[in-house]
Structures are given as structure tokens and as C-alpha cells.
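# Geometric and topological summary
Below, each chain spelled out in residue letters.
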Amino acid sequence: MAATKKVSLKDISNYLLSKLKINIYEDPYQQKYVKSLLAPTEKTQAVFLDAPAGTGKTSLAISVAYYLLERKQIDQIVYVRNAVSIRDMGFLPGDIAEKEAPYLQSGLDALCKLDPMNKKLTETLISNHQLIITSTAFLRGTDWNGKKFLIIDEAQNLDLTEMQTVLTRPHDETKVVVIGSSLQCDNRLIDENSPLAFQLYAEHFTRYTDLKVESLKLKRNYRGKFSQYADMIDQTIDRLGTNEKNPKKLTLDQFSLKDEESAKLWEELGAESLRQ
């Protein structure tokens, strides 16, 4: 049997550009993220990502997973998200799948963008056992073995018990991608003054184990200035307690890709390319 062709960064970058109009060669954080998503588990077992809204964190993860699935690099995509809404809307009608559907829709939307003409894409993938979409509610006893690509989305909404439950399901052949934003937690049962579970686990794996796990971030919100400023409300809250008479306007410097940190990352990526 012929060996499966290894996917290159150039291959996936062309795919992302054609499908999502995302050029990872213009954003070092996205490029680093995609490289880590592509890396085999023996090089990168898991990726923890803390990124603001609009940075492409979910779209990139699902796109890479689907690309690898199409090329038989993996056997199945597992998409997990907690069934937490911004506001409690009461009991939802229907069976379990119907109740969970609204919470899992963002993952489906990201997948459908990759093949918009195929109206039965997710239905076909699920029926072929190539896609699992589930909440955290019924994962006890679940066993994810083999070449799977596990995406835990909106991870900021999982408490420590839920995060532990999900992260103890996969075997070592499974790629694990944990995506969250520490700026937006919708789970009111989580203490806002305590570290989030996915942040604790990122620290746990990267500092206190010998596993090949990466903790990354994305920086630029590509939705535009309005969305960028909306995610900076905590800075205004901090200022309200200072009674500044003539407060300076907030700037969008934190989203810049021309700062010293970004320059160092560009340099690191360039050095990695030379080594390859």
C-alpha cells in the first residue's frame, strides 16, 4: 500500500486561501498555529490556544482537520463544545441531538464553509463515522482511539471537571486541539477571579509533563475595529476606578503584527523554514 503523502505548509496555506481567504503567510501567529495543527502527534500531541474573537481560531482548526481527513491523514474529526449559552433560555424541545444543536452550530458552520455546494456534507461525514459533534454532557466512558483530530471549542466555558473528562478520553494517536478565549467566559458557575480550566491545563502540560504540547495565541481580530474595541471593555472597566480627568483614547496596538514580539516570531518561523 502506497504511503500517504505528507501535507506541507504550502499545501494547506493554498487551501486556506482558496476556501477562507485567509493568508497565513501574512500573520505569524496564524502560521505558527497552523504548523502546530499539521504536526504529527509524535511532534505535537496537543495544542492549547487562547485567542480573542475574530482571530480565526475555530475556522483554522476545523479547516486543517477536514483537509487532513480528505487526504486520509486522520480517520475522524471529533468536535466538542460545552452546552453553555450566554443567557439561559429555559428547556429546549426535542431529543438530545436537537437540544444540543444550537450550541454546536458554530462548528457546523465552519465546516460547511469549506464545501458550500455540498448541502449534506456534515450528514454524510457523520453517517460515514468520520465526524462526531457532541457536547460534554455524556462523555463518561467514551474512548477515542486511533487517528482522530479532537477539537475542544469555546474551552473557556468548561470547568476543571469537564475539561478533565474530555482530556482523559483520547489515546495518544489522537491530535488534541483546545481552543478558547480568556476574554469571554459564558459559564456563570466559573469563578471569574480564578484561572480558567483550559489555561490551567495548558500550564500543566507545557510546564509539568514531558509531553509535546504547545500553548499558543492568536493576536489579530480580523472582523474589524468595532469588534476589536468591543473585546477591550476590561481596559475601560479598569480605568473607571482611576477617576482620570482626561483619559487617553484606547489604541489597537495590541492587535498589531509589527511589534517586537511579532518580529521575533517571524524570525523564528524563518529559521524553522531554513532547517526544514
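These figures come from a predicted structure and were not determined experimentally.

Before going further, it helps to spend a moment on the pattern of salt bridges. All chains considered together, the criterion is met by 8 salt bridges. Between Glu 260 and Lys 264 there is a salt bridge, with its nearest N and O atoms 3.6 Å apart. Here Glu 260 pairs with Lys 264, and both are found in helix α10 (residues 260–275), just 4 residues apart, close to one helical turn. For the pair Glu 260 and Lys 264, one class covers both residues: exposed. Salt bridges sharing common partners tie together Lys 217, Lys 219, Asp 259 and Glu 261.

With that settled, consider the confidence of the model for the protein. In the predicted model, the protein carries a mean pLDDT of 86, and 85% of its residues have values of at least 70. Here residues 85–90 is a poorly scored stretch, pLDDT under 50, and it has 4 contacts once near neighbours within four places are set aside; other chains count.

The next subject is the packing of aromatic side chains. Aromatic ring pairs are reported here in terms of the distance separating the ring centres and the angle at which the planes meet. For the structure on display, the rule yields 3 aromatic pairs. Site record: aromatic cluster; members linked through ring pairs are Phe 48, Tyr 201 and Phe 205. Cation over ring: Arg 71 sits above Tyr 15, and NZ or CZ is 5.9 Å from the ring centre. Cation over ring: Arg 71 sits above Tyr 67, and NZ or CZ is 3.5 Å from the ring centre.

As a packed pair, helix α6 (residues 160–167) and helix α7 (residues 197–208) sit with axes 9 Å apart at the nearest point and diverge in direction by 50°. In terms of orientation, α6 lies oblique with respect to α7. Crossing geometry of α6 relative to α7 is assigned as right-handed. Residues Leu 160, Met 163, Gln 164 and Leu 167 of α6 form the contact with α7, whose participating residues are Ala 197, Phe 198, Leu 200, Tyr 201 and Phe 205. When grouped by side-chain class, the residues that make up the contact of α6 with α7 number 8 nonpolar, 1 polar and no charged.

What counts as what
Residues numbered from 1 in each chain as written. Predicted model: local features only at pLDDT ≥ 70, side-chain atom pairs only at ≥ 80, totals over all residues. Heavy atoms only, no water. Salt bridge = Lys/Arg side-chain N within 4 Å of Asp/Glu carboxyl O. Helix = DSSP H or I, 4+ residues; strand = E, 2+ residues; numbered from the N terminus. Buried < 20%, exposed > 50% of the residue type's maximum accessible area, 1.4 Å probe, protein only. pLDDT = per-residue confidence, 0-100. Contact = heavy atoms within 4.5 Å. Phe/Tyr/Trp six-rings, centres within 6.5 Å; stacked < 30°, edge-to-face > 60°. Lys NZ or Arg CZ within 6 Å of the ring centre and 35° of its normal. Axes fitted to C-alpha atoms, helices over the stretch in contact; angles between N-to-C directions. Parallel < 35°, antiparallel > 145°, perpendicular 65-115°, else oblique. Left-handed = near helix turned anticlockwise from the far one by under 90°. Nonpolar A, V, L, I, M, F, W, Y, C, P; charged D, E, K, R; others polar.

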